[in-house]
Amino acid sequence: MMAGYVEKNPLILSGKYEQVNNGLRIDPDFKEEIFLAWPNLSIEDSFRRARIDPVDVGYQRIQSLKREFEARTAGENDWRAPVRVQNSGDYGITCMSMEMEG
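Residues numbered from 1 in each chain as written. Predicted model: local features only at pLDDT ≥ 70, side-chain atom pairs only at ≥ 80, totals over all residues. Heavy atoms only, no water.

With respect to the environment of Ser-42
And then number 1: Considering the arrangement of structural elements, one finds Ser-42 in the loop between helix H2 (28-37) and helix H3 (43-49).
And then number 2: A relative accessible area of 28% means that Ser-42 is categorised as partly exposed.
And then number 3: Distance in space between the C-alpha atoms of Ser-42 and Lys-66 is 9.3 Å, their sequence separation being 24 residues. (Helix = DSSP H or I, 4+ residues; strand = E, 2+ residues; numbered from the N terminus. Buried < 20%, exposed > 50% of the residue type's maximum accessible area, 1.4 Å probe, protein only.)

Here we look at the pattern of salt bridges
And then number 1: Counted by the stated rule, this structure contains 5 salt bridges.
And then number 2: Across the pair Lys-31 and Glu-68 runs a salt bridge, and its minimum N-O distance is 3.0 Å. In this pair, Lys-31 sits in helix H2 while Glu-68 sits in helix H5 (residues 59-75), placing the two residues 37 residues apart along the sequence.
And then number 3: Looking at Glu-68, the relative accessible area reads 28%, which means it is partly exposed.
And then number 4: With its nearest N and O atoms 2.6 Å apart, the salt bridge here joins Asp-45 to Arg-48. Of this pair, Asp-45 and Arg-48 both sit in helix H3, 3 residues apart, which is roughly one turn of that helix. (Salt bridge = Lys/Arg side-chain N within 4 Å of Asp/Glu carboxyl O.)

Some remarks on the side chain of Ser-46
And then number 1: Take Ser-46: it is sitting in helix H3.
And then number 2: Looking at Ser-46, the relative accessible area reads 7%, which means it is buried.
And then number 3: Every residue in contact with Ser-46, bar those within four places of it in the chain, is listed here: Phe-30, Ile-34, Ala-37 and Leu-41. (Contact = heavy atoms within 4.5 Å.)

Okay, here's the thing in structure tokens:
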């Protein structure tokens, strides 16, 4: 008798990643949680707090998150950075932020 498939990937088992197509995607809420704690708490330590071994995550994924976070932080100081604006309804729009001279 053949048993069903048993997931063994620690990232998927953690509930913080999901399998999509041929890869893995980090849970958006968990990603935002890591971003809010960063840079006061390293990305690696954020994974450790979630009981995920950074070795399982891998250097490439961690570096990718660091680059994304650095770009997001740099964008906060750039007037050309896209800003999410709430409008009526459940949808948001993205616009370019800049001060208008009057």
